[in-house]
Number of protein chains: 2
Amino acid sequence: MNAFELYNPTKLVFGAGKVNRLGELVKPYGSRVLLVYGGGSIKRSGLYDDVMFQLSEIRATVHELPGIEPNPRLTTVNKGIDICRKEKIEFILAVGGGSVIDAAKAVAAGALYDGDMWDFTIRRATVQAALPLGTVLTLAATGSEMNGNSVISNWEAKEKRAFGSKLVYPKFSILDPKLTYTVPRDQTVNGIVDIMSHVFEQYFTLTTDIPLQERFAESILQTVIENGEKALEDGSDFDARANLMLAGTYALNGTLPNGVSTDWATHGIEHEVSAIYDIAHGAGLAILFPNWMKYVYKERVGKFAQFAVRVWGIDPSGKSEDELALEGIAATRAYFTRIGAPATLGEVGVKGDQIDRMAQEATRFGPIGSFKQLDIEDVKAILQSSL
Amino acid sequence: MNAFELYNPTKLVFGAGKVNRLGELVKPYGSRVLLVYGGGSIKRSGLYDDVMFQLSEIRATVHELPGIEPNPRLTTVNKGIDICRKEKIEFILAVGGGSVIDAAKAVAAGALYDGDMWDFTIRRATVQAALPLGTVLTLAATGSEMNGNSVISNWEAKEKRAFGSKLVYPKFSILDPKLTYTVPRDQTVNGIVDIMSHVFEQYFTLTTDIPLQERFAESILQTVIENGEKALEDGSDFDARANLMLAGTYALNGTLPNGVSTDWATHGIEHEVSAIYDIAHGAGLAILFPNWMKYVYKERVGKFAQFAVRVWGIDPSGKSEDELALEGIAATRAYFTRIGAPATLGEVGVKGDQIDRMAQEATRFGPIGSFKQLDIEDVKAILQSSL
């Protein structure tokens, strides 16, 4: 096990109807609130009205930043930063999924930075201060509700980049599984793939002697695999939605990477694909991850064999580690296909003509990943195998 | 899954040699420090000197509260409270195991309370403010390094009681597995039993549809079972000590009880035994837990069967749930015996003549536990079967 630090001050408030705690949770931070949300589903569902009622109870002055895109854009973030400055916003409330929360974090950090918030993503500046933010989660997927990460797209430059800071951890996140009952099927699918992918990035590691971290990762994967299918069968299955939501949070709240060298190459490649094509992050990951697995598994076949046995329940008798590893990878692809995720870039309209550019961008700071370090040729090969 | 809140702001700094971060971690809180420790093993090991060097580097004024007992006593806590008031202490640093940390929490809360800190344990007052504290952990056991709980003994009244507050979470805890290399064998054993017992209290529940919490619990148990034996074979096995330490922290840092009705009856009974006899908490738990299991398992045989199969790897083929449950309980007892923990109260000098008193005290506020609610007669029966 490597040395590590763990610090996660986000307060989770989990359960049906917990939006009724919102006023009390916002109040300590001030009364000038920026409400950040997406395409309007929260208005159709009635959640917007519930949130506004809660904020009116504490006599908050509410400004709004609606229309956050599925891949949230720098231009939209900058609009939010302008509002924060003009209106002296004291607290940012994100109501939505990971994109909305990521945008809120970028606004929170950008509002107190004397420059272009994009600087944080290109390491030209680090976050020194941020407005406090909180979230009401409506989608089990990115884990953004309990971490300090944010991914923003610069659509003009066709770039999608991440920044992270302890200062943008949400002060609180309200997780009501019932709010995810109305999530459309494809978004539930993308969420399932996203959660599993977060675990993969931290599970497939060359670090050894980390039995607890491995088992925690396997626990999340098994829980998502079972409950993902249940939630797709019946969108209003409370326990399935609750288990998926909790698993999504734990997949990226700092529990898995303790003392572990994590990978994140596949996320890096996917960011280049969706920077150009604006496809759903979960769809991109479903296409790429099994191909990454096939490309790298020989670096540590035993770990992939363990994955096959412990996560997919594959019977190891009479099989070589290599056979088991390949069966585990095949089971991953089969599961993604069974729940309706795409398997090829062609299915989502991505052709081969941009592969060189995507591979170049993905490796612009050098090789990516740690399970196997991937250079530009490796990334091209993985993209090629995904067409 | 039930509704729940999760909030844990303790910063973990984990790794070999991390005591060198101590000065920097203490500094933001002030320079007047109360150093709390136990029987002097930290002086023999050189840790005391390392800590004092770190504190001298930030020019701290250090007062000391040495001699914290294995079951920390109210009289000693009160000494610490007096020092805090007289010397205007700004930060409390606990260097030791769970007893030392629990005592430091009691001092931290008591120093800012205008009354007897025992009031917190008998629910006559709740903690409204506390001095900040940090820890350097020297024993994998209680999990006190990353929670807001404390257990204090009132030796004159023969009472051992707990209090909890969000205000006494350590600001930071330094976890260096190497500091546990010199832990005596019996204390390592007690730590293993203590960690497993914490998991049992949260795993054996009537709450259903909590697959993630169950698997996390099973993950911790399996990790402790394997690495406990390794640490006993070779006290300087870094990975075994590291895995045990991390498991101990996760067993009681709020990861397992999310949305779960927890039990804690066995801890309640053990507190009454060690309040009178001053035996090690881990020893008491090793004696009582398998007997509690036998007494209650029929309330939910399936959960105990799952425990047998998933945690102890018992082959379920051709066995009834009842048989599996009993095999899992027997495996628990066998493991405790194999690592050298006691199996009967007689072995630790406890006779039957105080059973009525202990059962009465354990149930003084009514029945205890949630897996099966135990009244005074139930507690007597469990104690009787443990003689």
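Predicted, not measured: the structure shown is a model, and the values here were computed from it.

Draft legend 1. Broad picture of the overall build of chain A. A count of helices and strands for chain A gives 15 helices and 8 strands. Against the globule reference of 21 Å for 387 residues, chain A gives a C-alpha radius of gyration of 20 Å, in line with a compact fold. The principal-axis extent of the C-alpha atoms belonging to chain A is close to 70 × 45 × 40 Å. Buried positions account for 60% of the 387 residues belonging to chain A. Working note: accessible area of chain A is about 14000 Å², and carbon and sulfur atoms make up 48% of it.

Draft legend 2. Representation of helix 13 (residues 321-339) of chain B in the model. Residues and elements named next belong to chain B. A rise of 1.5 Å per residue sets the reference length of helix 13, with its 19 residues, at 27 Å; its end C-alpha atoms lie 27 Å apart and thus fit the reference within 8%. Turning to helix 13, its buried residues number three or more, namely Leu 324, Ala 325, Gly 328, Ile 329, Ala 331, Thr 332, Arg 333, Tyr 335, Phe 336 and Ile 339. Looking at the buried residues of helix 13, the elements they touch are helix 7 (185-203), helix 8 (211-233), helix 11 (281-296) and helix 12 (301-310).

Draft legend 3. Structural view of helix 12 of chain B. Of all 10 residues that make up helix 12 of chain B, 7 are buried, and the element is covered over most of its length. Each element contacted by the buried residues of helix 12 of chain B is listed here: helix 7, helix 8, helix 11 and helix 13 of chain B.

Draft legend 4. Examining the packing of aromatic side chains more closely. Overall, the coordinates contain 47 aromatic pairs over all chains when judged by the stated rule. Residues Tyr297(A) and Phe304(A) carry aromatic rings whose centres are separated by 6.4 Å and whose planes lie at 75° to one another, so their mutual orientation is edge-to-face. Take Tyr297(A) and Phe304(A): they sit in the same class, and that class is buried. Both rings, one in Tyr113(B) and one in Phe120(B), keep their centres 4.7 Å apart while their planes meet at 45°; by these two values the pair is tilted. Ring pairing ties together the aromatic residues Phe200(A), Tyr203(A), Phe204(A), Phe289(A), Trp292(A), Tyr297(A), Phe304(A), Phe307(A), Trp312(A), Tyr335(A) and Phe371(A), which thus form one cluster.

Draft legend 5. Focus on the interface of chain B and chain A. Counting from both sides, the interface comprises 40 residues of chain B and, opposite them, 40 residues of chain A. Counting the surface lost from both chain B and chain A, the interface buries some 3500 Å², and carbon and sulfur atoms represent 59% of this. A per-residue breakdown of the area chain B buries against chain A is headed by Met1(B), Leu212(B) and Arg215(B), which together make up 18% of the total. If you look at where chain B meets chain A, you find 6 salt bridges. Counting the contacts that link chain B with chain A gives 18 residue pairs in polar contact (both at pLDDT 80 or more).

Draft legend 6. Here's a closer look at the packing of helix 7 (residues 185-203) of chain A against helix 9 (residues 238-250) of chain A. All names here are of chain A. Remark: helix 7 packs on helix 9, axes separated minimally by 10 Å, with the N-to-C direction vectors making an angle of 40°. As far as their axial angle goes, helix 9 and helix 7 are oblique. Of the two elements, helix 7 crosses helix 9, and the hand of that crossing is left-handed. Between helix 7 and helix 9, the contacting residues are Thr 188, Ile 192 and Ile 195 on the first element and Arg 241, Leu 244, Ala 247 and Gly 248 on the second. Residues of the contact of helix 7 with helix 9, tallied by class, amount to 4 nonpolar, 2 polar and 1 charged.

Draft legend 7. Expanded view of empty space enclosed by the protein. Applying the stated criterion across every chain, the model contains 5 cavities of 30 Å³ or more. In this structure, the largest cavity occupies an estimated 190 Å³ of space. Among the elements of the structure, strand 1 (4-14) of chain A together with strand 1 (4-14) of chain B are those that each provide at least two residues to the lining of the largest cavity. Each residue belonging to the lining of the largest cavity can be placed in one class, and the counts come to 8 nonpolar, 9 polar and no charged.

Draft legend 8. Main features of the environment of Thr188(B). All names here are of chain B. The residue Thr 188 is located in helix 7 in this model. Given a relative accessible area of 5%, Thr 188 falls into the buried group. Along the backbone, Thr 188 and Pro 9 are 179 residues apart, and their C-alpha atoms lie at a distance of 27 Å. Apart from residues lying up to four places away in sequence, Thr 188 is in contact with Val 183, Leu 232 and Arg 241. Within the structure, Thr 188 has its side chain in polar contact with the side chain of Arg 241 (distance 3.2 Å).

Draft legend 9. Quick peek at the relation of the copies chain B and chain A. Overlaying chain B with chain A gives an RMSD of 0.0 Å, the required rotation being 180° about an axis along which the chain moves by 0.0 Å. A rotation of that kind, with that shift, is consistent with a two-fold axis. When C-alpha positions in chain B are compared against the rotation axis, the closest is assigned to Pro9(B), at 2.2 Å. Most of the interface of chain B is mirrored in chain A, where 100% of its interface residues are also at the interface.

Draft legend 10. Region of the structure containing the domain arrangement of chain A. Residue and element names in this part refer to chain A. Looking at chain A, the domain boundaries give domain 1 (11-179) and domain 2 (185-384). Here the C-alpha centroids of domain 1 and domain 2 sit 27 Å apart. Contacts between the two partners involve 25 residues from domain 1 and, on the opposite side, 26 residues from domain 2. Among the residues domain 1 hides against domain 2, the three largest losses belong to Lys 158, Lys 160 and Pro 177. Together they make up 25% of the total. Measuring nitrogen to oxygen at the nearest pair gives 3.8 Å for the salt bridge that ties Lys 160 to Glu 270. Summed over the shared surface of domain 1 and domain 2, the number is 6 residue pairs in polar contact (both at pLDDT 80 or more). If you list the elements that add at least two residues to the side of domain 1 that touches domain 2, you get strand 1 and strand 7 (159-164). When residues in the side of domain 1 that touches domain 2 are grouped by element, the largest group, 3 residues, is from strand 7. Residues of the side of domain 1 that touches domain 2, tallied by class, amount to 13 nonpolar, 4 polar and 8 charged.

Reading guide: rules and limits
- Residues numbered from 1 in each chain as written.
- Chains lettered and ligands numbered in written order.
- Predicted model: local features only at pLDDT ≥ 70, side-chain atom pairs only at ≥ 80, totals over all residues.
- Heavy atoms only, no water.
- Helix = DSSP H or I, 4+ residues; strand = E, 2+ residues; numbered from the N terminus.
- Rg over C-alpha atoms; globule rule 2.2 N^0.38 Å.
- Buried < 20%, exposed > 50% of the residue type's maximum accessible area, 1.4 Å probe, protein only.
- Areas by Shrake-Rupley, 256 points an atom, 1.4 Å probe, with all protein chains shown as cover.
- Expected span 1.5 Å × (residues − 1).
- Contact = heavy atoms within 4.5 Å.
- Phe/Tyr/Trp six-rings, centres within 6.5 Å; stacked < 30°, edge-to-face > 60°.
- Buried area = accessible area lost by both parts, 1.4 Å probe.
- Salt bridge = Lys/Arg side-chain N within 4 Å of Asp/Glu carboxyl O.
- Polar contact = N/O pair within 3.5 Å; in protein donor to acceptor, adjacent residues only side chain to side chain.
- Axes fitted to C-alpha atoms, helices over the stretch in contact; angles between N-to-C directions.
- Parallel < 35°, antiparallel > 145°, perpendicular 65-115°, else oblique.
- Left-handed = near helix turned anticlockwise from the far one by under 90°.
- Nonpolar A, V, L, I, M, F, W, Y, C, P; charged D, E, K, R; others polar.
- 1 Å grid on protein atoms, 1.4 Å probe; cavity = no way out; pocket = protein on both sides within 12 Å on 5 of 7 lines; lining within 4 Å.
- Points joined across faces, edges and corners; volume = space filled by probe spheres on them.
- Least-squares fit on C-alpha atoms with pLDDT ≥ 70 in both.
- Domains from an automatic or database assignment.

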